Amino acid sequence: MLKVGAGAFLAGTGALAWRAWDQGVFSTGEGVAYAAWDHWLDGAADAPQRLVAAAVLAASPHNTQPWRFRIAQGRIDLFADRSRNIGSIDPFLREMHIGLGCALENLLLAAAASGWRTRLAMLPDASDVSHVARIELSRGDSNASPLHAAIAQRHTNRGPYAARALEPSVFAALEALGGEFPQLALRWFVTDAQRREIGAHIVDATAAIVADAEQSRDSGAWVRGSWQEVQARRDGLTIDAQALPGWMRVAGKILPPISVERADRMWLDATREVHVGTAVAFGLLLVRDANDDAQRLQGGRLWQRMHLWAQTRGLAMQPLNQLPERADRERSAALTPRFTRVLQSLVQRDDWQALMPFRLGYPTVPALRSPRRAVGEVLLT
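Bear in mind that the values here come from a model prediction, so they are computed numbers and not experimental data.

Okay, the overall build of the protein chain next. The secondary structure content of the protein chain amounts to 15 helices and 8 strands. Expected size for 381 residues packed as a compact globule is a radius of gyration near 21 Å; at 21 Å, the protein chain falls within 12% of this value. If one aligns the C-alpha atoms of the protein chain with their principal axes, the spans along those axes are about 75 × 50 × 40 Å. Here the protein chain, with 381 residues, has 50% of them falling under the buried criterion. When contacts within the protein chain are restricted to residue pairs at least 6 apart in sequence, those whose partners lie at least 24 apart make up 77%. By element, 56% of the accessible surface of the protein chain is carried by carbon and sulfur atoms, the whole surface being about 16800 Å². Averaging the positions of the 43 positive and the 39 negative side-chain charges in the protein chain gives two centres separated by 3 Å.

Given below as C-alpha cells:
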C-alpha cells in the first residue's frame, strides 16, 4: 500500500508539474506572443518599421489590436481591421477607433524619437472608411519624449488600487495633456458621493452585459484560455493580464477551463469588489460628438498619452467601458435607453458626450504584459 500510495503521489505530482509547464505557469510574459515588448527598438533608428513596432504596443479594446499599417515612401498609413471587432460589445466601432487612436499616438511619439517630422491627416480617404490616418514623414531632429520611453512599460492594471488619495496636481497634469484637442474634455469623480454614484452605475452596466447572452458571448470570444492559444493568436484577454493574486493566477492556468457563466460572475465580482471597490478616483473622457470617428481617434490619442504619463509617475489606469457599451447596445438593438440616460447624467452638460470612463490610482500589484502580434503580421503589402 505504501508503494502504491507513493507511486500515485509521484504520478500526480508529475502530472501537475507537466500541466503547470504546459500552461505557461513558469513562462509568464515569455514566448513569441510577448516578443514585441522586448524587440520594439530593434533595427535602424530611422526605419519606419520601428514606428509600427511602437504602435502595436498600444492599448486596444479587449486587446483586439484592430490595426493594419502600410509603409510607403515617405509615409505610413493606418487602417482599421474591421474583422477584429467585438460585435455587440462595440456595434458602432467606438472602442475600435479609440484603440486605433492609441496606436497612432505611440507611432507619433516613436517618429519624433527617431528623428522624423510628421504631418498627420485624419480620415484621409472618404471612399475608404477603414483608412483612418496618413502620417507623412520627413527627416528632422530627434525629439524623444519621456512618454516614448514608457511605451514598453505601460500596461492596463486591473488589480486593486491603494487607498491613497491622488494629489490635485495629477488631475491638472492629465488635463494639460489634452490641450491640443479642443474637442475633448475630462470630468473627475473623486469625492465619496461621486465615486459611489458612478461606481454603482458601472456595476449595474456590468450585470446587464452578463445578462445579455449576445454581449456575453461576443466578449468571451476574446478570452484566451490556454497557453497554446495565447502563443498562437497573440491577442485577446489572458489570465496573466488580470492582475490576480499569484496563487489565483497559477490555479487559473492549471485547473480546467471554467464555464462562460462562471467567468461572467467572476468578472462581475471583480468589477464590484476590485475595480470599483478599490478606486480612489474615476475619470470620464468627454467629446463633442461621440459618433465622430475623428474625435474618437483623438480620444484614443489622449487616453494613450495619459496612460503613458501615468506610467512615468508610478500610477495605474484601467478603462471601464461597461456604461457606453450598454448605451451602444441599447441604441443598436432599440432597447430602453437606461444607460444612455445614466451616461448623460454623469456628463451633466448637453454640449458634451461621454466617450470612455476609467479609473486611476496607485497600484498594489504589478500589471503584466498582454500578448501582441508582430510587426510583420499587421503590415499590408
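What follows deals with the packing of aromatic side chains. Scanning the entire structure with this criterion turns up 4 aromatic pairs. Plain terms: the ring middles of Trp-188 and Phe-358 are 5.9 Å apart, the flat faces sit at 90° to each other, and that makes the pair edge-to-face. In this pair, Trp-188 sits in strand β5 (residues 184-189) while Phe-358 sits in strand β8 (residues 353-361), placing the two residues 170 residues apart along the sequence. On the basis of relative accessibility, which here comes to 13%, the residue Trp-188 falls in the buried class. Phe-358 gets classed as buried once you look at its relative accessible area, which sits at 0%. An angle of 55° between the planes, with centres 5.0 Å apart, marks the rings of Trp-303 and Phe-358 as tilted. One end of the pair, Trp-303, is in helix α12 (residues 293-312); the other, Phe-358, is in strand β8, and 55 residues separate them in sequence. Phe-358 matches Trp-303 in its accessibility class, with the two residues each being buried. The aromatic ring of Tyr-362 is capped on one face by Arg-164, whose charged end is 3.7 Å from the ring centroid.

What follows concerns the sheet that holds strand β1 (residues 67-72). With antiparallel pairing, 4 strands are arranged side by side in an open sheet as β1-β2-β4-β3. The sheet is open, and its two edges are formed by β1 and β3 (116-122), each paired on a single side. On average, each strand axis in the sheet is tilted by 20° relative to the strand beside it, whichever way the strands run. Sheet topology places β3 next to strand β4 (residues 131-139); 7 bridges connect them, and they run antiparallel. When the bridges of β4 are listed, Met-122 appears paired with Ala-133. Against the sheet, helix α3 (residues 48-55) makes contact with β1, β2 (75-80), β3 and β4, and its axis sits at roughly 170° relative to β1, the strand it touches most.

Note on placement: Ala-185 falls in strand β5. Taking the C-alpha atoms as reference points, Ala-185 and Ala-354, separated by 169 residues in sequence, lie 9.6 Å from one another. If sequence neighbours within four positions are ignored, Ala-185 has contacts with Leu-284, Leu-285, Leu-286 and Trp-352.

It is the contact of helix α4 (residues 94-113) with α12, at a shortest axis distance of 6 Å, that shows an interaxial angle of 55°. Classed by the angle they form, the pair α4 and α12 counts as oblique. When the axes of α4 and α12 are compared, the crossing they make is right-handed. Contacts between α4 and α12 pair Arg-94, His-97, Ile-98, Leu-100, Gly-101, Cys-102, Leu-104, Glu-105, Asn-106, Leu-108 and Leu-109 from the former with Asp-293, Arg-296, Leu-297, Gly-300, Arg-301, Trp-303, Gln-304, Arg-305 and Leu-308 from the latter. When its residues are assigned to classes, the contact of α4 with α12 shows 9 nonpolar, 5 polar and 6 charged.

The subject of this paragraph is the pattern of salt bridges. Scanning all chains against the criterion turns up 26 salt bridges. Here Lys-253 makes a salt bridge to Asp-240, at a shortest N to O gap of 2.8 Å. Here Asp-240 lies in the loop between α9 (227-233) and α10 (246-254) and Lys-253 lies in helix α10, a separation of 13 residues in the sequence. Summarising the burial analysis for this pair, Lys-253 and Asp-240 share the class buried. A network of salt bridges, in which partner residues are shared, links Asp-212, Glu-214, Arg-217, Asp-218, Arg-326 and Arg-329.

Criteria and cut-off values
Residues numbered from 1 in each chain as written. Predicted model: local features only at pLDDT ≥ 70, side-chain atom pairs only at ≥ 80, totals over all residues. Heavy atoms only, no water. Helix = DSSP H or I, 4+ residues; strand = E, 2+ residues; numbered from the N terminus. Rg over C-alpha atoms; globule rule 2.2 N^0.38 Å. Buried < 20%, exposed > 50% of the residue type's maximum accessible area, 1.4 Å probe, protein only. Contact = heavy atoms within 4.5 Å. Areas by Shrake-Rupley, 256 points an atom, 1.4 Å probe, with all protein chains shown as cover. Lys, Arg positive; Asp, Glu negative; His and termini not counted. Charge placed at Lys NZ, Arg CZ, Asp CG, Glu CD. Phe/Tyr/Trp six-rings, centres within 6.5 Å; stacked < 30°, edge-to-face > 60°. Lys NZ or Arg CZ within 6 Å of the ring centre and 35° of its normal. Pairing = 2+ DSSP bridges. Axes fitted to C-alpha atoms, helices over the stretch in contact; angles between N-to-C directions. Parallel < 35°, antiparallel > 145°, perpendicular 65-115°, else oblique. Left-handed = near helix turned anticlockwise from the far one by under 90°. Nonpolar A, V, L, I, M, F, W, Y, C, P; charged D, E, K, R; others polar. Salt bridge = Lys/Arg side-chain N within 4 Å of Asp/Glu carboxyl O.

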